[in-house]
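# Structural description and commentary
Residue-level listing of the chains:
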Amino acid sequence: MHMTMDGEVQERGGRRGEAAGTAEEETAPNSSNGQEHYCEIKELVDLIESTASIGDYRMMQKKESHILVRRLKILLLLLEDVKELHGQVPETSSIPFSILKKALLCAKELLTTCSVGSKIYLALENEAIMGRFHNVNKKLSKALKDLPYEELGVSDEVKEEIDLLRMHLKRSKGRTESQDAELAMDMMVVFSKDDERKADSAIIARLANKLELHSVVHLNTETIAVRKLVKESEGKNAESIQLVIELLRKFRRSAGLEDINVLDDNPTFDNAIKKSPSLVIPDEYLCPISLEIMTDPVFIETGQTYERESIQKWLDSHQTCPTTRQPLAHSSLAPNYALRNLIIQWCERNNFQLPIRYAASDTESSASIEGKEEVVSTVRNLSSNQLEVQRKASRKIRMLSKENPVNRILIAQSGGIPPLVQLLSYPDSKIQEHSVTALLNLSIDEANKKLIAREGAIPAIIDVLRNGSTAAKENSATALFSLSMVNDIKETIVLSNGIPPLVDLLQHGTMTGKKDAATALAHLCVDQANKTRAIEAGIIPPLMKLVKDWYMIDEVVSILYQLSSHQDGPQEIGQFSFIETLVDLTRDGTPTNKEWATTLLLSLASANSSFMLIALQFGVLQNLIEISESGNARAQRKAKSLLKLMRRYEQI
């Protein structure tokens, strides 16, 4: 029987190279016992090779998955060495090999989950998934420890490799990547019930991009994965799965897809999946109705884009949007010129022939013409030399950009962004307020973010944040948050000294202003360097005061948790009275309050045991025991970790 091993493994095994040179095929052992062990080892080899071939892991678990696969491939060295014994495998090795097989099966199950599982669920439960990686490493370490290497006749070279592997397995710990806190914050804002600002659509877009769930095909595949997750859960993890379903629905609505019930079988959806074209054609160029490349894309009232022919057929018998199901006040269609030009350019670059039906229509309904003329006229008035005309125009642009996504595109295409940026420096408080709010509304459109930044808006928005009216300050903070979704703009905000005025708004603003500032700061403080800037600007005292006042608890404690990873964070956060407040939250807070309070207490206690002693003085022990038994999944894990840390400290 001829065995083809991994190229890297063949290259490193000198002794196997000699064996390979003496015969073209391996000879199966003669004795029945030897045949049994030979088959057992071959089964392990096949198991590792099939596991290593899984590939294409989810973003959050990609690094750990590749590390585990590399470790599994090292085991091939050992198994090939043993396989060369041809039936001389001692009986005593049977049980350890059985343990190794169980560990490998666990590894395969985990890697399969990280390859085809729901991306949203894997991101939401990333900490638990990292725990599974840690458990697999422990199982592998135990299996390798119990193997009788001398009896197996393993070469010194291979034994050294396995010893090194065992050392790495022993040292490995469940860990999360630096972006976990950022993802957790984004998810928390998306799931928030009391914050319905339009800027949240920017967070949804950011999450979709991070999780690679921004295309029709990816979202349809994720829907199948979530449906499978629901069926296999059998009622377990109901809270987490409900959050997954809610976020998937938001992603689908954001992408203009049908809002289906993933809990039910849906033949129509399954047929659409089969019909979905390959990713060669960008998904944003596909009509949500026909799933074919658009040749004449048009907007409808809700802002969704469709192929003209497909949406006209739909509107012949319906008065609703086919994806959002919103009722339509009219059936007017407006050409999406920007998207049409992108499709044509893409086709030219890729030598792709559009269907013969292509005939770009320049006919617009009288309603859409009037709407475009209104936008163009209002944009022109922004540059008027009469203050009152400018004031009315900025207010009109603010209103036009508030609800209608088509208007956001038209305003930008009509050159509305440069004059709005210029108006930010006007001494008139109302013009400032209208202009910065209009820019906030326009920034909801992803393409507009870069246009706004390119016009030099960031320093001007920060100046309004410092010196504007109350409403202007609040909307400036939200605008900075929305714009910071683009990394380059985020850096510009920081370099333009945007953090200090946000901290000032957090400390002295209205309750709405505090919330706007906290949301922006939470996003900026994901980066370690920005944590230093925020701490130096005095962010921690106002955050702690908000928690003591029991306001915005989850948002604020999550920011403090981010700051606790900074070298100066624990000492500033771990004040006696504030730890008492955290202990109170673990007793009297909502389930999410308890989760974040326990998470922050664990971070502080890990940094300095004195904080743990203070918490114990305030009676945190009983609260943690209750949370470890009845809290939500993440709270239980954090409570158990903190209890374990306390027991370890008692032993010391």
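See the structure above.
Anyway, here's the lowdown on the structure attached to this text. In this text, all values refer to a predicted model and were calculated from it rather than measured experimentally.

### Looking at the sheet that holds strand S3 (residues 334-335)
If you walk across this open sheet you meet the 3 strands as S2-S1-S3, and the pairing is antiparallel. This sheet does not close on itself; its edge strands, each paired only once, are strand S2 (305-307) and S3. Inspection of the sheet shows strand S1 (residues 297-299) paired to S2 by 3 bridges, in the antiparallel sense. Note that in S2 the partner of Val298 across the bridge is Tyr306. Packing of helix H15 (residues 308-315) onto the sheet brings it into contact with S1, S2 and S3, and relative to S2 it is tilted by some 95°.

### Re the nonpolar core
One finds Phe251, Ile539, Leu560 and Leu563 to be the most contacted residues of the largest nonpolar core, which totals 115 residues. Excluding residues within four positions of it along the chain, Leu560 makes contact with Ile540, Leu543, Met544, Val547, Ile573, Phe578 and Leu600. Counting residues in each nonpolar core, the second largest holds 40 residues, with Ile41, Leu68, Leu78 and Leu147 among its members.

### Structural notes on a nonpolar patch on the surface
Together, Leu613, Leu616, Leu621 and Tyr649 line one region of the surface with nonpolar side chains, adding up to about 300 Å² of accessible area. On the basis of relative accessible area, Leu613 is assigned to the partly exposed category, the value being 33%.

### Side note on helix H30 (residues 553-563)
Note on helix geometry: an α-helix contains 3.6 residues per turn, so any two residues three or four positions apart are oriented the same way. Taken across its 11 residues, H30 has 10 buried, putting it largely inside the fold. Ile553, Asp554, Glu555, Val556, Val557, Ser558, Ile559, Leu560, Gln562 and Leu563 are the residues of H30 that are buried.

### A closer look at the packing of helix H21 (residues 429-442) against helix H24 (residues 470-483)
A pair of packed helices can be characterised by two numbers: the angle between their axes and the separation between those axes. In the contact formed by H21 and H24, the axes pass within 9 Å of each other and the chain directions differ by 25°. Between H21 and H24, the interaxial angle falls into the category roughly parallel. Every pair of crossing elements has a handedness; the one defined by H21 and H24 is left-handed. For the pair H21 and H24, the contacting residues are Glu433, Val436, Thr437 and Leu440 in the first and Ala471, Ala472, Asn475, Ser476, Thr478, Ala479 and Ser482 in the second.

### What about the pattern of salt bridges?
Taken as a whole and judged by the stated rule, the model has 21 salt bridges. Across the salt bridge formed by Asp163 and Lys159, the nearest N and O atoms sit 3.0 Å from each other. Placement of the pair is Asp163 and Lys159 together in helix H9 (residues 156-171), with a separation of 4 residues, close to one helical turn. A relative accessible area of 32% places Asp163 in the partly exposed class. With a shortest N-O distance of 2.9 Å, Lys545 and Asp549 are connected by a salt bridge. The class of Asp549 is partly exposed, set by a relative accessible area of 44%. In this structure, a network of salt bridges that share partners links the residues Glu127, Glu595, Arg634 and Lys638.

### With respect to unusual backbone geometry
Non-glycine residue Asn497 carries a positive phi angle of around 65°. Its place among the elements puts Asn497 in the loop between helix H25 (487-495) and helix H26 (499-508). For Trp550, which is not glycine, the phi dihedral falls at a positive 55°. You can see Trp550 is positioned in the loop between helix H29 (540-548) and H30. Looking at Trp550, the relative accessible area reads 40%, which means it is partly exposed.

### Overview of a positive patch on the surface
Positive charge collects at one region of the surface, where Lys138, Lys644, Arg647 and Arg648 lie side by side. Looking at the positive patch element by element, the count peaks at 3 residues for helix H36 (residues 633-651). Along the chain, the position of Arg648 falls in helix H36.

### Structural notes on the side chain of Thr586
On the secondary structure map, Thr586 appears in helix H32 (residues 576-588). Here the side chain of Thr586 touches Val583 through a polar contact of 2.5 Å, landing on its backbone oxygen. A distance of 3.0 Å separates polar atoms of two side chains, one belonging to Thr586 and the other to Asn623. Setting aside chain neighbours within four positions, we find Thr586 in contact with Lys594, Ala597, Thr598, Leu601, Val620, Asn623 and Ile627.

Thresholds, definitions, all that
Residues numbered from 1 in each chain as written. Predicted model: local features only at pLDDT ≥ 70, side-chain atom pairs only at ≥ 80, totals over all residues. Heavy atoms only, no water. Pairing = 2+ DSSP bridges. Helix = DSSP H or I, 4+ residues; strand = E, 2+ residues; numbered from the N terminus. Contact = heavy atoms within 4.5 Å. Axes fitted to C-alpha atoms, helices over the stretch in contact; angles between N-to-C directions. Core = buried A, V, L, I, M, F, W, Y, C linked by side-chain atoms within 4.5 Å. Buried < 20%, exposed > 50% of the residue type's maximum accessible area, 1.4 Å probe, protein only. Patch = residues over 30% accessible without salt bridge, like charges linked within 9 Å, V, L, I, M, F, W, Y side chains within 5 Å. Areas by Shrake-Rupley, 256 points an atom, 1.4 Å probe, with all protein chains shown as cover. Salt bridge = Lys/Arg side-chain N within 4 Å of Asp/Glu carboxyl O. Parallel < 35°, antiparallel > 145°, perpendicular 65-115°, else oblique. Left-handed = near helix turned anticlockwise from the far one by under 90°. Lys, Arg positive; Asp, Glu negative; His and termini not counted. Charge placed at Lys NZ, Arg CZ, Asp CG, Glu CD. Polar contact = N/O pair within 3.5 Å; in protein donor to acceptor, adjacent residues only side chain to side chain.

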